[in-house]
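Chain and residue survey
Given next are the chains, with one letter for each unit.
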Amino acid sequence: MKWMKMITVTLLTAIILAGCSGSDSSKAEYVQGLLDIAYNKGTEVYVKAADVKEEDAKNYSQQALEAEAKVMAAYFGIEEPSEEVLKSFQGFCEKMYKEVSYKVEAKEDSVQVSTNQIIIGSQSEALQNYVDDFNIRQFVDGDASCTDEAFAKGAVEVMEQDLKKLFCGTQTKTIEVTVTEKDGKMSVSDKDLENLDSQIIVYD
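So, how was this worked out
- Residues numbered from 1 in each chain as written.
- Predicted model: local features only at pLDDT ≥ 70, side-chain atom pairs only at ≥ 80, totals over all residues.
- Heavy atoms only, no water.
- Axes fitted to C-alpha atoms, helices over the stretch in contact; angles between N-to-C directions.
- Helix = DSSP H or I, 4+ residues; strand = E, 2+ residues; numbered from the N terminus.
- Parallel < 35°, antiparallel > 145°, perpendicular 65-115°, else oblique.
- Left-handed = near helix turned anticlockwise from the far one by under 90°.
- Contact = heavy atoms within 4.5 Å.
- Nonpolar A, V, L, I, M, F, W, Y, C, P; charged D, E, K, R; others polar.
- Expected span 1.5 Å × (residues − 1).
- Phe/Tyr/Trp six-rings, centres within 6.5 Å; stacked < 30°, edge-to-face > 60°.
- Buried < 20%, exposed > 50% of the residue type's maximum accessible area, 1.4 Å probe, protein only.

Before going further, it helps to examine the packing of helix α4 (residues 54-75) against helix α5 (residues 83-97). Interhelical geometry of α4 versus α5 gives an angle of 115° and a closest axis separation of 8 Å. Relative to α5, α4 is oriented roughly perpendicular. Our pair here, α4 against α5, has a crossing hand that is right-handed. Between α4, through Gln62, Ala64, Leu65, Glu66, Glu68, Ala69, Lys70, Met72 and Ala73, and α5, the contact on the second element is made entirely by Val85, Leu86, Phe89, Gln90, Phe92, Cys93, Glu94, Met96 and Tyr97. For the contact of α4 with α5, the residue count by class is 12 nonpolar, 2 polar and 4 charged.

Next up on the list: helix α6 (residues 125-140). Turn by turn, an α-helix covers 3.6 residues, leaving residues three or four places apart pointing in a common direction. With 16 residues, α6 extends 21 Å from end C-alpha to end C-alpha; this agrees with the ideal 22 Å at 1.5 Å per step. The first or second residue beyond α6 is Gly142, which carries a positive phi of 70°.

Looking now at the packing of aromatic side chains. Inspection of every chain in the model, using the stated rule, returns 10 aromatic pairs. Note on Tyr39 and Tyr102: the rings are 6.5 Å apart at their centroids and 55° apart in plane angle, and the pair reads as tilted. Note that Tyr39 is positioned in the loop between α2 (27-38) and α3 (44-50) and Tyr102 in strand β1 (residues 102-106), a separation of 63 residues in sequence. The pair Tyr39 / Tyr102 is uniform in exposure class, with both members buried. Considering the side-chain rings of Phe76 and Phe151, the 5.4 Å spacing of their centres and the 70° angle between planes classify their relative orientation as edge-to-face. Of the two residues, Phe76 is situated in the loop between α4 and α5 and Phe151 in helix α7 (residues 148-167); the sequence distance between them amounts to 75 residues. A single burial state applies to Phe76 and to Phe151, both of which are buried. Through successive ring pairs, a cluster of aromatic residues spans Tyr75, Phe76, Phe89, Tyr130, Phe134, Phe151 and Tyr203.

Here it is in structure tokens:
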């Protein structure tokens, strides 16, 4: 049934980032770079902070986008999404990332991230109505045209229309991130990365 399977979002940890920095960048720059890569905001900061090649940074950013599309498909109950389904969700994720906004500041013992939230879920009446109608046509009426591909395309159309109005949280969330240093390299724990990502893109 198409609707909202609760999942744990692990987008940042799904990216093969290695999580280390050999440069002289600050902890705040390192976290800024991670976020920029994860949300398609550019590669310049991460390239410097993590001391990686530009091509690798671009690949990481693409992996982040692809991972988000898979997360979204799973959220809607599509367990084995086709390339067409993933392409639909990926296109929406690119637009969604443009609405992500965050500010990174260094604190005494941590890095503080202040961010808006994009909330995707059942609180959207338009999306709920679309899903309910699709389920009736697919499972009650037996409409053969109600494929995963058709669902994804329609869901994206609804989400695009409602993105600014319904999905962007108005309250700013503040998350503390601990950056550890060892042998001249910085890293962030999987737990902190997962918490950070789950507070920015919220699948409600």
